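The chain contents come next:
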Amino acid sequence: MAVPKPGEPVLLSGNEAMAYGALAAGARFYAGYPITPSTEIAEVMATELPRVGGKFIQMEDEIASLGAVIGASLCGLKSYTATSGPGFSLMQEHIGYAAMAEVPCVIIDVMRGGPSTGLPTKTSQSDVMQAKYGSHGDYPSIALTPSSVLECFTLTVRAFNLSEKYRAPVILLSDEIVGHMREKVVLPDPSQLEVINRAKPTVPPEWYEHYQDSVTGMSPMANFGEGYRFHVTGLTHDVYGFPTERREEIAALMEKFKNKEIHNTRDLTMVEEYFLADAKVCIFAYGSVARSAKQAVKILRRNGVRAGMLRPQIVWPFPKLPVENMLEKVSHVLVPEMNVGQLRKEVERLSCTDRAKVQGLNVLDSSFITAEQIVDRVREIRARHRHVGEYVNG
Amino acid sequence: MAEETKLLTRSADVHDWLRVKKKFPHLWCPGCGIGIVLGATLRTLEALHYDKDEVVMVSGIGCTGRIPVYVDCNTLHTTHGRALTFATGIKLARPDLKVLVFMGDGDALAIGGNHFIHAARRNIDLTAIVVNNSIYGMTGGQASPTTPLGKKATTAVYGCIEQPFDTCALAIGAGATFVARSTVYHVKHAEKMIKEGLEHKGFSVIELISNCHTYYGRINKLGEPIDMLNYMKEKSIMSGPDVTPEKMTEMGKQYLLGVLQHDTSRPELCDLYEELISREKSS
Ligand SMILES: Cc1ncc(C[n+]2csc(CCOP(=O)(O)OP(=O)(O)O)c2C)c(N)n1
Ligand code: SF4
């Protein structure tokens, strides 16, 4: 299959849309290792990259894949890889490296059931915390969660933009359902897409600091072979990239990492609010589950329940502000997730006692969470709280 | 006189390859063979008239892994065992760059063993320099996949009972198209091997036998660095048609030096890829 023409309707799977999104963002290098349910992404790249002068390589494992991706990115190519659970675990070593060495790259994790080999063909959302804390040490984490085929395309472009801008690994957390479902989409025209490329140094090589300190956490980046001759290491380093054990230099580097999140919250917040303005019950959902959540809101509204949805498209950094605003307004929050409640706990952390009550709807048997299950749970909550006179009816 | 001036110029040129202002003194123990490897490499780069901007030095983790940081070129200190994976990405992205990869024996053959054989299989144009000191230097003298049978390490207290890898045989078996061995005693020869490896188009492995007197030497009572260098001298033999394993045993030799594999018939990966691209782009 050829790359679909922008502006024309086409039937695509989420995985294919991610691959085309990567190409549209300018990706010219892919290294990966086959794993269900992400393999289609590698297959599209193996076909398309040589046609645009890019490079595809199937590596010997996922650690090697991300190593090669980082190497290619250091030479200026927008580079990425795609995997699922077990491969995502193996990639953690180099996710930490990319964060430490500030090398832009994108990692797609099409989530499947775990732990371990788990359920290769079944969906799950159980890698959400791993996407944040999977590698050792403190480092900035950026992760996006598409919930439609079109979003697989647009959020992939966004992921590349964020990785180039922040010089950081960016994770796209898809899941088996989003990856394999097919939808009719019209891909945006390239002229309509915002594509960000890493900032180039404006100083001569002798003035260049590869890890220039900056309050925003962002700094320009030269590529290998362009005359700048800098050093890159996974060791804690100074502004030139040379290893350091000086406390003030260590602190400055860690501060820079923190600043990437702290000073860019607006840019790194991306949520969809659906009937949230007057809602009393909020369903906080992401990825494929958000599709059921939206449906559930429609059903509940039809039945006179003031329900709404808050859907993070960027889950890491966690969208603190929109969640806090939501918690001020609603009485109850339901967080349906195909895991033990990984993001529910994040919502709970922001909810003090006088704010809304947060509950989970957690499905662990590999089945998809349906709109009906969400509606039923909301009804249960309403009944229980109406009974004790707590529920603010809506 | 003329000879002397030439030598001086050469050392000044080598000096020019170092990040002298930032990075010295280096972290290696005085007398460590890794310094000899660095010197040999820089003299070779200089002899080949390489441009600093076109050279990339990649390394893994360990004492050997610290080589690139001292050199004024594009330098990348990666993760333990994975240097070849990063180098693969670099070479595919920029086939015009000269990529050297420095690894210790543990780095290349234990944690990085899988990457090592696959880089060899692919025949990607990288020059891998494996510094074999028979032990884990950086972490304080633990056994490595090249620790000889019976030799001691902090984790092989009663003597090593595992069969060691022969780095070169492994590389040849995995498909490396240029494989050579030298030692830090045979510096001039080592330079020649590095030079031939760099000039070879394809995956080159140069194993350099080195001394870690601080751990391997001390634990096994092998004496000072100079004693260990003398041991390398005594136990080495240049490869040749009449040098058989039997003959080596008979003569009490341990290290077979020289070019052990040189195959120019196999195409190189990046070349194949460029061909593929031009085919696909035109179709
Ligand atoms: C994943 C990982 N495991 C373990 C280590 C600890 N470690 C650092 S260097 C090293 C071995 C070094 O030995 P070698 O590769 O032979 O190099 P040398 O120091 O002798 O030059 C080990 C095990 C590490 N840095 N990373
Ligand atoms: S510990 Fe051994 S390998 Fe490391 S610098 Fe010292 S002598 Fe060299």
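This structure is a prediction, so every number in the text was calculated from the model and none was measured.

## A few points about the overall build of chain B
Across its full length, chain B carries 12 helices and 10 strands. Taking 2.2 N^0.38 as the reference for a compact globule, 283 residues should give roughly 19 Å; the C-alpha atoms of chain B span a radius of gyration of 19 Å, in line with that estimate. Judged by the C-alpha coordinates and their principal axes, chain B covers about 65 × 45 × 40 Å. Counting all 283 residues of chain B, 56% fall into the buried class. Partitioning the intrachain contacts of chain B with sequence separation of at least 6 by distance along the chain shows that 67% fall at a separation of at least 24. By element, 57% of the accessible surface of chain B is carried by carbon and sulfur atoms, the whole surface being about 12,100 Å². Positive and negative charge centroids in chain B, built from 31 and 31 side chains respectively, lie 5 Å apart.

## Some thoughts on the nonpolar core
Core analysis: the largest hydrophobic core is formed by 135 residues, its most contacted members being Tyr 80, Phe 284, Met 326 and Val 333 of chain A together with Val 58, Phe 116 and Phe 203 of chain B. Per element, the largest residue contribution to this core is 9 residues, and it comes from helix 6 (residues 149–166) of chain A. Counting residues domain by domain, this core receives three or more from each of domain 1 (9–192) and domain 2 (272–390) of chain A.

## Section: the site of ligand 1
Residues and elements named next belong to chain B. As a structural note, the neighbourhood of ligand 1 is formed by 16 residues, with Cys 63, Thr 64, Asp 107, Gly 137 and Met 138 the closest of them. Backbone polar atom of Asp 107 to an oxygen atom of ligand 1: 2.7 Å apart, as the coordinates give it. A distance of 2.9 Å is found between an oxygen atom of ligand 1 and a backbone nitrogen or oxygen belonging to Met 138. Notes on ligand 1: free accessible area 580 Å², of which the protein chains cover 75%. Mapped by element, the contributors of at least two residues to the shell around ligand 1 are helix 5 (105–111) and strand 5 (135–136). At 4 residues, the largest contribution of residues to the shell around ligand 1 is made by helix 5. Residue classes in the shell around ligand 1 are distributed as 6 nonpolar, 8 polar and 2 charged.

## What about helix 4 (residues 85–101) of chain A?
All names here are of chain A. The terminal C-alpha atoms of helix 4 lie 24 Å apart, and with 17 residues this matches the ideal 24 Å at 1.5 Å per residue to within 8%. Largest kink in helix 4: about 45°, centred on Gln 92. Glu 102 lies just past helix 4 and shows a positive phi near 55°.

## A closer look at the packing of helix 1 (residues 14–25) of chain A against helix 6 of chain A
Residues and elements named next belong to chain A. Contact geometry for helix 1 and helix 6: axes closest at 7 Å, N-to-C directions at 35°. Between helix 1 and helix 6 the crossing geometry is right-handed. Of helix 6, the residues touching helix 1 (which contributes Gly 14, Ala 17, Met 18, Tyr 20, Gly 21, Ala 22, Ala 24 and Ala 25) are Val 149, Cys 152, Phe 153, Thr 156, Val 157 and Phe 160. Of the residues in the contact of helix 1 with helix 6, the class split is 11 nonpolar, 3 polar and no charged.

## Concerning the domain arrangement of chain A
All names here are of chain A. By the assigned domains, chain A splits into domain 1 (9–192) and domain 2 (272–390). The straight-line distance from the C-alpha centre of domain 1 to that of domain 2 is 28 Å. The partner domain 2 presents 22 residues to the 28 residues of domain 1 that form the contact. Across the interface of domain 1 and domain 2, roughly 2,000 Å² is buried in total on both sides, 56% from carbon and sulfur atoms. Its largest share of buried area at the contact with domain 2, domain 1 owes to Gln 125, Met 129 and Thr 145, together 30% of the area lost on that side. Counting across the domain 1 and domain 2 interface gives 2 salt bridges. With its nearest N and O atoms 2.6 Å apart, the salt bridge here joins Glu 151 to Arg 311. For the side of domain 1 that touches domain 2, the secondary structure elements donating two or more residues are strand 6 (119–123), helix 5 (128–133), strand 7 (142–144), helix 6, strand 8 (169–175) and helix 7 (176–180). It is helix 5 that contributes the most residues to the side of domain 1 that touches domain 2, 4 residues altogether. A per-class count over the side of domain 1 that touches domain 2 returns 14 nonpolar, 8 polar and 6 charged.

## Brief notes about the sheet that holds strand 3 (residues 98–104) of chain B
Taken together, 9 strands build an open sheet; the order of strands is 10(A)-2(B)-1(B)-3(B)-4(B)-8(B)-7(B)-10(B)-9(B) and the sheet is mixed. At either margin of the open sheet sits one strand with a lone partner, and together these are strand 10 (231–233) of chain A together with strand 9 (236–238) of chain B. Mean inter-strand twist for the sheet, computed between neighbouring axes without regard to direction, equals 20°. Strand direction decides the pairing type here: strand 3 of chain B and strand 4 (residues 127–132) of chain B, joined by 5 bridges, are parallel. Bridge pairing in strand 4 of chain B places Gly 104 of chain B opposite Val 131 of chain B. Relative to strand 9 of chain B, helix 10 (residues 225–235) of chain B is tilted by about 40°, and along the sheet it contacts strand 7 (178–183), strand 8 (204–209), strand 9 and strand 10 (255–262) of chain B.

## Comments concerning the pattern of salt bridges
Scanning the model with the defined rule gives 37 salt bridges over all chains in all. For Glu 274 of chain B, the salt bridge identified is with Lys 55 of chain A, shortest N-O distance 3.0 Å. Linking Glu 274 of chain B in helix 12 (residues 269–282) with Lys 55 of chain A in strand 3 (residues 55–58), this pair reaches from one chain into another. You can call Glu 274 of chain B partly exposed: its relative accessible area is 35%. Judged by relative accessible area, which is 4%, Lys 55 of chain A ranks as buried. The partner of Lys 258 of chain A in a salt bridge is Glu 255 of chain A, with the nearest N and O atoms 3.6 Å apart. A residue pair is termed a helical-turn pair when its members lie 3 or 4 positions apart in one helix, as Lys 258 of chain A and Glu 255 of chain A do in helix 8 (residues 247–262) at 3 residues. Where salt bridges share partners, they join Arg 229 of chain A together with Asp 16, Lys 52, Asp 53 and Asp 72 of chain B into one cluster.

What counts and how
Residues numbered from 1 in each chain as written. Chains lettered and ligands numbered in written order. Predicted model: local features only at pLDDT ≥ 70, side-chain atom pairs only at ≥ 80, totals over all residues. Heavy atoms only, no water. Helix = DSSP H or I, 4+ residues; strand = E, 2+ residues; numbered from the N terminus. Rg over C-alpha atoms; globule rule 2.2 N^0.38 Å. Buried < 20%, exposed > 50% of the residue type's maximum accessible area, 1.4 Å probe, protein only. Contact = heavy atoms within 4.5 Å. Areas by Shrake-Rupley, 256 points an atom, 1.4 Å probe, with all protein chains shown as cover. Lys, Arg positive; Asp, Glu negative; His and termini not counted. Charge placed at Lys NZ, Arg CZ, Asp CG, Glu CD. Core = buried A, V, L, I, M, F, W, Y, C linked by side-chain atoms within 4.5 Å. Domains from an automatic or database assignment. Near = heavy atom within 4 Å. Polar contact = N/O pair within 3.5 Å; in protein donor to acceptor, adjacent residues only side chain to side chain. Nonpolar A, V, L, I, M, F, W, Y, C, P; charged D, E, K, R; others polar. Expected span 1.5 Å × (residues − 1). Bend = angle between axes of the 7 residues up to and from the residue. Axes fitted to C-alpha atoms, helices over the stretch in contact; angles between N-to-C directions. Left-handed = near helix turned anticlockwise from the far one by under 90°. Buried area = accessible area lost by both parts, 1.4 Å probe. Salt bridge = Lys/Arg side-chain N within 4 Å of Asp/Glu carboxyl O. Pairing = 2+ DSSP bridges.

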